[in-house]
Amino acid sequence: MVIKGSLPILSRIIAAIFGGYLLTQLISIVIVAALPASRGESLFITLMLSFTVYALTILWAFAARSVLWCWLGLLIPAIVLALPVWLIIQTGGI
Amino acid sequence: MKETFRQSMAWLHTWSGLVLGWLLYFMFVTGTAGYLDTEIDRWMQPELPVAETSSVDEQQAVQSGLSRLNQKAPDADRWFIALPQDRNNPYLLTFWSGADGNTGNNVLDMASGEPLTTRDSHGGQLLYQMHWKLHYLPRIFTNWFITFVTMFMFIAIITGIIIHKNIFKDFFTFRPAKGQRSWLDAHNLMSVLSLPFQLMITYSGLIFMMFIVMPVMIAAFYGGDNGRDKFFEEIFPDSVQIEKADQPASLTALNPLLTTAESHWGENAVGYVEINHPGDAHARVTISGKAGQGPIRNSPKLIFDGVSGELLDEIPAKTSATRATRDVFLGLHEGLFAGPFLRVLYLLSGLMGTLMIATGLILWTRKRRPRLDKKRPGLAKGVDLVERLNIGTIIGLPIAIGAYFWANRLLPLEMAGRAEWEAHVMFIVWLLMLMHAALRPLRRGWLEQLSVASGVFLLLPVVNALTTDRHLGQSLPAGDWVFAGFDLSMLVLGFVFMAIAIKLKNNKTITAKNFSRHKLA
């Protein structure tokens, strides 16, 4: 009974903590590349911002109207950002 | 969840606050105590003289430190002298570390340069450090875990703001003696009144850990074997150390360097002198200004060649705007720059944060008691567990900290591992309080622990008087506000716990019988 009822919640918790963290890294990498400052400075600034980004992904995970939307809302941006992030890493930064 | 946004945020607020609430309470209690860490240090080492920071002869202090270091650790790789500055740095300190990892330190008497002996204690600094290092746990775990816990706090605050219907009205709402509603009002009042502080303290806490917990994005731009090192060298250029030359060369005289510092910063502005590779051809002397001059948690530095005395580099306190932003966040978190009035505000805010958490934890049980029925045995067990954890932590942890202070006065001075045992006593007592809370009927559990807390704090100044001569009878006439303030604060705490115990005892509507089902409470 308890297990059945809590599967959706467990799913959202995993999405929030781990999915949110990974998406935060992807978003942050894109922000660092987009900022006009030097590589080190941009990274420094984005590190400070990253916790806000993470918090927003966590809020999404629990606010989404279904568990499916919760995961899609994290996975779709992650897939969209995957290629730009890969390119950014390959070209070594900005 | 087919709920509204507000409902899901309310759910998230409850659970992010509850699951780690007792750990957050621990962090807030030790963090708030940390604002008085150096005062607690001094109370716990009563052999130290009253600190004298107003008239310091810099050159003499540095010479005293230097001769002590030469005597004690001539082959060390790094020497460090901290001058008496303010309440955060009340004494002349020397510290050394060798290439082999050995370290040592001394507190020196300003006049004679001789080391002062005190009882072995980690003082208030240990309480403050538990705030982020906890205790008994490896750093690699606590770094990540504490950040994880702080994210729970951050989410709890954000969701708390989101679900709030009328923040402005809550400034003026407190309906006493209405049970659950009163607890909600108290929780809202504590949170809303100190909200800017809570947001700042939580976010700056996260920023403290940012280099550790976001390694993926760092590695993306600074990959490879030494990528991280290169990143730190780039953003903290003044931390780059020169290698030892392995050629002996005598250290330059320091007095001219101090004079140079004075010409840059004015009189009495030197805080620290650091000497890397003393006695080596690549020796470096770094003179730093006093800490805590403003929220930027940085002081200006002058770097000299340790053999020729030539000024190599000058690094201002504020470098780039980015670094300064981080430094201000960290500086605001630590509050070292705060004068007496602002420090009282910091303490009150810390206390309000602590009460915010405590009232939240208690509110959770009060809301669920009326809903208890036989069809939901899980809920009854949950409420019982939370209530007992509440007793053992909200009251039990302060008792344990009181026990830390009692141990400081009562453990034999010559005992081996004395400093570690003061901490062991604290955690043993906390464990005992949790066990007591697990075993006693709920109402008696609260009353008994409140009484114990009251006794522990009221009697502490008496214990102080019986074991040292720096008691209120001496400290008040002498104007020694570190000792008098500590003892008086303990009395205040004791009376507060007593008042709560009396109020609970006199509340006739709550009896032992209906405590677990009380609808209004």
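Structure's up top.
A brief report on the enclosed structure follows. (Residues numbered from 1 in each chain as written. Chains lettered and ligands numbered in written order. Predicted model: local features only at pLDDT ≥ 70, side-chain atom pairs only at ≥ 80, totals over all residues. Heavy atoms only, no water.)

## Re the overall build of chain A
Part 1 of the argument: Per the secondary structure count, chain A includes 3 helices and 0 strands.
Part 2 of the argument: Going residue by residue from the N terminus, the α and β elements of chain A occur as α-α-α.
Part 3 of the argument: By principal-axis analysis of the C-alpha atoms, chain A measures approximately 55 × 25 × 20 Å.
Part 4 of the argument: Within chain A, the proportion of its 94 residues that are buried is 44%.
Part 5 of the argument: Nonlocal contacts in chain A, meaning residues at least 24 apart in sequence, comprise 76% of its contacts between residues at least 6 apart.
Part 6 of the argument: Just so you have it, chain A exposes about 4,900 Å², and 82% of that area is on carbon and sulfur atoms. (Helix = DSSP H or I, 4+ residues; strand = E, 2+ residues; numbered from the N terminus. Buried < 20%, exposed > 50% of the residue type's maximum accessible area, 1.4 Å probe, protein only. Contact = heavy atoms within 4.5 Å. Areas by Shrake-Rupley, 256 points an atom, 1.4 Å probe, with all protein chains shown as cover.)

## Comments concerning the sheet that holds strand 1 (residues 78-82) of chain B
Residues and elements named next belong to chain B.
Part 1 of the argument: Ordered in space as 3-2-1-4-5-6-7, the 7 strands form an open sheet in which the pairing is antiparallel. Edge strands, defined here as strands with exactly one partner in the open sheet, are strand 3 (103-108) and strand 7 (311-315). Neighbour to neighbour, the strand axes of the sheet diverge by 15° on average, direction disregarded.
Part 2 of the argument: Note: strand 2 (residues 92-97) against strand 3, 6 bridges, orientation antiparallel. Pairing of W96 across the sheet is with G104, part of strand 3. (Pairing = 2+ DSSP bridges. Axes fitted to C-alpha atoms, helices over the stretch in contact; angles between N-to-C directions.)

## A few points about unusual backbone geometry
All names here are of chain B.
Part 1 of the argument: Residue N268 is not a glycine yet carries a positive backbone phi of 55°.
Part 2 of the argument: Here N268 lies in the loop between helix 13 (255-265) and strand 4 (270-276).
Part 3 of the argument: A residue is classified by how much of its surface remains accessible, and N268, at 35% relative accessible area, is partly exposed.
Part 4 of the argument: Here the phi dihedral of H277 falls at roughly 50°; this positive angle occurs in a residue that is not glycine.

## Considerations on the packing of aromatic side chains
All names here are of chain B.
Part 1 of the argument: Across all of its chains, the model carries 30 aromatic pairs over all chains by this definition.
Part 2 of the argument: With a centroid separation of 5.2 Å and 65° between ring planes, the pair formed by Y136 and F427 is classed as edge-to-face. Linking Y136 in the loop between helix 5 (123-133) and helix 6 (139-162) with F427 in helix 17 (residues 418-439), this pair joins segments that are 291 residues apart in sequence.
Part 3 of the argument: What makes F427 buried here is its relative accessible area of 18%.
Part 4 of the argument: Ring centres 6.1 Å apart and planes at 50° place the aromatic pair Y203 and F329 in the tilted group. (Phe/Tyr/Trp six-rings, centres within 6.5 Å; stacked < 30°, edge-to-face > 60°.)

## Looking at helix 16 (residues 377-410) of chain B
All names here are of chain B.
Part 1 of the argument: An ideal rise of 1.5 Å per residue puts 50 Å on 34 residues; helix 16 measures up with 46 Å between its terminal C-alpha atoms.
Part 2 of the argument: At G396, helix 16 shows its maximal bend, which comes to roughly 45°, and the proline P398 appears one to four places after that position.
Part 3 of the argument: With respect to burial, helix 16 is a largely interior element, 24 of its 34 residues being buried. (Expected span 1.5 Å × (residues − 1). Bend = angle between axes of the 7 residues up to and from the residue.)

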